[in-house]
Amino acid sequence: MFKKVITVSILGFYTVFCSAQQVRPSKSSEIYRELKTLKHLPKVLYLAAHPDDENTGLLSWLINDQNVETGYLSLTRGDGGQNLLGTEQGPALGLIRTHELLEARKLDGAQQFFTRAIDFGFSKNTTDTFKQWNADSITADVVWVIRKFRPDIIICRFPPTAAAGHGQHAASAVVAEKAFKLAGDKNAFPDQLKYVNAWQPKRILWNTFRFGAVNTTADNQLKVTVGQYDPQLGMGYGELAGLSRSLHKSQGAGTQSVAGIRTEYFTNVSGEPAKATLFDGVVKSWTSQGNADIDQSLDKIISAFNFNNPDLSLPALLALRKKVIALKDADLKRDKLQSLDNIILSCAGFMGEVVTNQAEAVAGDHYNFRLNLISRASDPVVLENVKWLEQSENFNKKLSKDSLITLQHDIQIPADAALTEPYWLAKPPTNAATFSVPDETLVGLPEAESPLNVLLDLKIGSEKFQVNLPLSFKKLDPVRGDVVEALRIVPALELKFTQPLYVVKENEDLHLSLNVKVNSDKQFRNGSLNLMYKGEKLGSTNISSINGKDSTIDYVIPKNKLAAINSSRLQLDANFVTDGITYNKKQVLIQYPHLPSLQYFEPATATVMKGDIQAKVKKVGYIEGAGDFIPEFLRISGIQVDILKDGDFYGNTDGNGSQNKLSQYDAIVLGVRANNTEKKLGRWMPFLWSYVKGGGNLVMQYNTNQDTTVDQLGMYNFSIANKRVTEENAAVTFLNPNHKLLNFPNKITPADFNGWVQERGAYFPAQWDSKYEPLFEMHDTGEEPLQGSTLYAQYGKGNFIYTPLAFFRQLPAGNVGAARLFLNFLSAQKN
C-alpha cells in the first residue's frame, strides 16, 4: 500500500484534516483497500525495540491481505546505532531513522509509534538495559499507546530471554507484557485517563523467528501463511516488505524482495490463546458489533466502486458518514470517521497545499503564500471559508471539476511561533536514556503536527469538513522535480562555531571563530558576543553592527585563562545579546535524498580538548568507511588528511613493489566498516600490504562480518566476532605497558580510558595469528576477559594495527585520552 499520511480530529460534525505537507487523493486501488479496511474492526500493534526490528513482511500482509489497521511501536528511535550515510550520531541519527521508518510506513501502510526511550547502544541483557531505562516510565508510554491506538492483538518481535540477541530487544518484550496487563486497569497510570480510556487487548503473542543459527519456531505454534501475490500491488507482500525495509538506508538494511508464500509462527504470551487464527475471539465486523446497517452500506459501496470514477461513490459515502457520526462508541466513531473522511476527500480527488518560495521563515516576519486547490468530483466541492492563521476570509466558491485555483495571501508568522524541531528534542533529555517531552499527549507520535496551518471550511454534499493545510515550502528541483517540505521556522539570528571541536596544547592561546547568520531583515546593532564556560563569562566582544547575512567573528582566549581551568575537556557556550534578547542557538540541518529536510537546534557550543596531546605525523591517507568524524578531527589537530581514491593506488612502483604514491603518508587509516562499504578495497589491499612492508603504518578500525569485501583484512589472519565491551567505564588492563604504542608520543595510562561514551568497542577479533600482539584486556561485568580490542603486528619494515575501539564515538565527544591513544597509533612508525 503506497500511502500518504493524514490524521484527523473531530470537532462536532466537522472533521479537521492535518496532512504531511499536502492533502492529496489516494489512488483508486488504495481507496478500494481503505474501504475494505474500514469494514474490518480489529487492530494489531507490533512491538519491538528499534527502527528496522519490525517484521515488514507480516505488517504488509496484515494491512494489505487481512485489511487490518496495524501499527508498529518502536520503543526507541535508533539513536545509539551506527550510520552508513554520514557522520550523524545520537539525536541526529535518531531523527534520520525516525523518518526512514516513516518512509517505510508509506510503503507498507502501517502506522508508526515511539516511546520516550533513548537507544543508548548495545546492551547484553535486560538487567543492563533497565539500569539505563526507567522500566515504569517506558511501560507507561506503551500503556498510553495501547490505550490511544486500542489494538485487539499485540505482537512482540522478541522474547524476554537471551534468544533476543540484544538487551533492548529482550526488554521490549518485558515492557510489552507488563503494559498488556496494565492497559485495561483504571488504577494504572490514572492521569492518562483524562485523555484516553482504559483498553484491554485480547492477547499478546510472540512472533517467533529463525535468525541465523537461532531457531525459535516450532510445529506446535500457531502458523500463518503470508507473502501472497496481490494483483493490485503488482507484487507479493514479501516483495513489498523488501522495498519497505530497504528504506532504512542509514543502517545499510537493503533487503531482497522475495516472492512467494512463507510461514510465520506465533506463541501466546498472555491473554486468551489463539487456536486457529490471530483474531480468534475478536470482534471483526460491524454486524458483530451491532451495526449491521454499516456493514451492508459498505458492502454496497465496495461492490459498486468504480476505479475510473471514484467520485461516483460520494453520495453513498456521505450517507454512510451520517451513520458513523451517530455511533455511541466515541473511540470507534473517532477512528472510523477519520478513515471514512480520508476516503471521501480522496474520492472527490481533492488536493490542497499552502506554499511559499522560501524554505525558512522567522517569527514575526511576513511572507507571500499561494493556496493551491483542486477537486475532480462531478458534484462540486464548495470552499466556504479560508482562515489564514488568524485572519478569516469567506468565499462560498465551487471548485470546478479538474480546474486548479490559486489564491495569493501575505501571511505574518506569529511572533511567538516556536522553532521548527522534533518535539522530543525541544528540551534537554530527562536523563541519558529518556527524552523529555513538553506535552505528554505527544508521547507515541512519530512527530508533532504542524502548529502553523491554513484552515479550510469545505462542503461536500450536505456534509462539512475542515482541512488543515500546513505552511510549506515548494521548489522545482532539476533532478527530483517538485519538492514540497515543511516551512522551517528559524531564529532571527543563529550562532555557530566554525568547527565543533578545538585542540589546544598546554601553554597555547585558543583561537576561535564564530559564524553569525542573520535570517531576518532586522538590523542587529550594539550587541555583545559572549563566550561562557559553566555559566561564567570567559570573554566578551562588543559589536556595533552585523553586516550582511553571514559574518565571521574571531576570538582569542589567552593561555592564562585556559590554564586556570582544571579540565582537559571544556564545553564553551556562545551567545549574542542585543535589545535584551539572547540568541544562542545553532541549526542542525540534515539533508539526504531519500528524506525531507530535517532540522533541530542545539546551544551554540564547541568542545575544546586541552592538554598534552602530541602527534608526530604530518600527513595521513584515509580510506573512508561508514561516515565518521575522524578525518575532521585529524585536520583540526593540524594533520594533512587526503581521502584516498582509486587513482592513489595505481602508478609506478619502486623495485620492492611498494607504492610510491602511498609512501608519502606517515600513516594510512581505514575508516569504520571500510570493509563493508568500500567495494574497491579488495584490489587496494595488496598495495596497502606493500606499503606496510616497505615501512608504512596502517591503522584499521572496526569492521563487521556482514557484506564484507575482503576475507583477509590483515597481513596475518584474524577472525572478527560479535564480541564487544558495552560498559564504557569497563576496567582496562595493559598487557604490555612498555609497548611503544602506549609510550610515544603520549604516555598512555589507565586515566586515558576515563570518560569514554557509550562503549569501549565492538566486533573484537576472537582469534588471531601468533604474530599479533594484543595490547589490552577488558570485559563487561560478569563476562570473560577479551583481548581483541587492539592487535599490533610488525610486517616487513612497517606496522599494522587493528583496533575496534570506538574512536569514532570518543573523538567527536572530545575525549582527550582517546585522542592521545589514536595519535600514538598513527605515530607508530615515527618511534
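In what follows, the structure referred to is the one given above.
Here the structure is a predicted model, which means the values were calculated and not measured. (Residues numbered from 1 in each chain as written. Predicted model: local features only at pLDDT ≥ 70, side-chain atom pairs only at ≥ 80, totals over all residues. Heavy atoms only, no water.)

**Student:** Would you explain unusual backbone geometry in this entry?
**Tutor:** Residue P745 is bonded to the preceding F744 through a cis peptide linkage, with omega at -5 degrees. Its location among the elements puts P745 in the loop between strand 40 (732-734) and strand 41 (765-768). Unusually for a residue other than glycine, N396 sits at a positive phi of about 50 degrees. Among the structural elements, N396 can be located in strand 18 (residues 391-399). Overall, N396 belongs to the exposed group, its relative accessible area being 57%. Of note, the phi angle at R673 is positive, near 60 degrees, even though the residue is not glycine. Considering the arrangement of structural elements, one finds R673 in the loop between strand 37 (667-670) and helix 14 (674-677). Residue class for R673 comes out buried when judged on its relative accessible area of 9%. (Helix = DSSP H or I, 4+ residues; strand = E, 2+ residues; numbered from the N terminus. Buried < 20%, exposed > 50% of the residue type's maximum accessible area, 1.4 Å probe, protein only.)

**Student:** What is the right way to read the nonpolar core from this model?
**Tutor:** Soluble globular proteins: nonpolar side chains tend toward being buried together. L456, L471 and L572 are the most contacted members of the largest nonpolar core, which totals 91 residues. In terms of residue count, helix 10 (residues 330-347) provides more of this core than any other element does, seven residues in total. Among residues more than four places away in sequence, those in contact with L572 are F497, L510, L512, M532, Y533, L538, I557, A604, T605, A606 and V608. W756, F764, V816 and A828 belong to the second largest nonpolar core, which has 44 residues in total. (Core = buried A, V, L, I, M, F, W, Y, C linked by side-chain atoms within 4.5 Å. Contact = heavy atoms within 4.5 Å.)

**Student:** What is the right way to read the pairing of strand 35 (residues 619-623) from this model?
**Tutor:** Side-chain direction in a regular strand flips from residue to residue, so the side chains alternate between the two faces of the sheet. Burial within strand 35 is extensive, with four of its five residues counted as buried. The sheet contact formed by strand 35 and strand 36 (residues 640-643) spans four bridges and is parallel. Note that in strand 36 the partner of V620 across the bridge is V641. On the question of chirality, the crossover connecting strand 35 to the parallel strand 36 by way of helix 12 (residues 630-636) is right-handed. Bridge analysis of strand 35 against strand 37 gives four bridges, and the strand direction is parallel. (Pairing = 2+ DSSP bridges. Right-handed = clockwise from strand over helix to strand, strands pointing away.)

**Student:** I keep staring at the sheet that holds strand 29 (residues 550-557) and nothing clicks. Help me out?
**Tutor:** Within a sheet, adjacent strands bond to each other through the backbone by hydrogen bonds, running parallel or antiparallel. Strand order in the open sheet formed by three strands is 24-26-29, with antiparallel pairing between adjacent strands. The open sheet has two free edges, formed respectively by strand 24 (493-497) and strand 29, since each of these has just one partner strand. Each adjacent strand pair in this sheet contributes to an overall mean axis angle of 25 degrees, direction not counted. Across five bridges, strand 24 lies against strand 26 (residues 510-518) in antiparallel orientation. (Axes fitted to C-alpha atoms, helices over the stretch in contact; angles between N-to-C directions.)

**Student:** Mind showing me how you'd approach the sheet that holds strand 44 (residues 791-795) here?
**Tutor:** Taking strand neighbours across the sheet as the criterion, the seven strands line up as 36-35-37-38-45-44-42 in an open arrangement whose pairing is mixed. Each of the sheet's edge strands pairs with one partner strand only, and the pair in question is strand 36 and strand 42 (773-774). Alignment of strand 38 (residues 697-701) against strand 45 (residues 798-803), held across five bridges, turns out to be parallel. Bridge pairing links L698 to F800 in strand 45. Running at roughly 140 degrees to strand 38, helix 17 (residues 816-826) makes contact with strand 35, strand 37, strand 38 and strand 45 of the sheet.

**Student:** What is the right way to read the packing of helix 3 (residues 91-108) against helix 7 (residues 237-245) from this model?
**Tutor:** In the contact formed by helix 3 and helix 7, the axes pass within 8 Å of each other and the chain directions differ by 160 degrees. When the interaxial angle is binned, helix 3 and helix 7 end up roughly antiparallel. Judged by the twist between their axes, the crossing of helix 3 over helix 7 is right-handed. Across the interface between the two elements, A104, R105, L107 and D108 from helix 3 touch L240, L243 and S244 from helix 7. Partitioned by chemical class, the residues of the contact of helix 3 with helix 7 number four nonpolar, one polar and two charged. (Parallel < 35°, antiparallel > 145°, perpendicular 65-115°, else oblique. Left-handed = near helix turned anticlockwise from the far one by under 90°. Nonpolar A, V, L, I, M, F, W, Y, C, P; charged D, E, K, R; others polar.)

**Student:** Honestly, helix 6 (residues 167-182) in this entry has me stumped. Any pointers?
**Tutor:** Working note: α-helix, 3.6 residues per turn, so residues spaced by three or four point in the same direction. The end-to-end C-alpha distance of helix 6, which contains 16 residues, comes to 23 Å, matching closely the 22 Å that a straight helix rising 1.5 Å per residue would cover. Those residues of helix 6 not exposed but buried are G167, Q168, H169, A170, A171, S172, A173, V175, A176, A179 and F180. (Expected span 1.5 Å × (residues − 1).)

**Student:** Please clarify how the packing of aromatic side chains should be interpreted in this entry.
**Tutor:** Here the distance between the centres and the angle between the planes together describe a pair of aromatic rings. The full count for this structure, using the stated rule, is 30 aromatic pairs. Judged by centre distance (5.9 Å) and plane angle (75 degrees), the ring pair of W206 and F209 falls under edge-to-face. The interplanar angle of 75 degrees and the centroid separation of 5.3 Å between the aromatic rings of F753 and F776 together place this pair among those described as edge-to-face. Here F753, found in the loop between strand 40 and strand 41, pairs with F776, found in strand 43 (residues 776-778); they are 23 residues apart in sequence, far enough to count as distant. Of the two residues, F753 and F776, neither departs from the other in class, the shared state being buried. The ring of F114 carries R77 above its face, with NZ or CZ at 4.1 Å from the centroid. One Lys or Arg, R724, reaches over the ring of F122 and ends 4.0 Å from the middle of that ring. (Phe/Tyr/Trp six-rings, centres within 6.5 Å; stacked < 30°, edge-to-face > 60°. Lys NZ or Arg CZ within 6 Å of the ring centre and 35° of its normal.)

**Student:** When you look at empty space enclosed by the protein in this model, what are you seeing that I'm missing?
**Tutor:** The gaps left among the atoms become clear once a water-sized probe is rolled over them. Tallying each qualifying case throughout the model produces two cavities of 30 Å³ or more. In this model, the largest cavity occupies a volume close to 70 Å³. Lining the largest cavity we find Q82, N83, G86, T87, E88, Q89, A626, G627, V672, R673, Y702 and F808. Class assignment of the residues belonging to the lining of the largest cavity gives a composition of four nonpolar, six polar and two charged. Considering only enclosed or pocket space, the second largest cavity measures out at about 40 Å³ in volume. Forming the walls of the second largest cavity are R77, T115, R116, Y423, W424, F435, V437, V443 and G444. (1 Å grid on protein atoms, 1.4 Å probe; cavity = no way out; pocket = protein on both sides within 12 Å on 5 of 7 lines; lining within 4 Å. Points joined across faces, edges and corners; volume = space filled by probe spheres on them.)

**Student:** Hey, could you run me through helix 3 in this one?
**Tutor:** In this model helix 3 runs 26 Å from its N-terminal to its C-terminal C-alpha over 18 residues, within 8% of the 26 Å that 1.5 Å per residue would give. Taken across its 18 residues, helix 3 has 16 buried, putting it largely inside the fold. A positive backbone phi angle near 90 degrees is found at G109, which sits one or two residues after helix 3.

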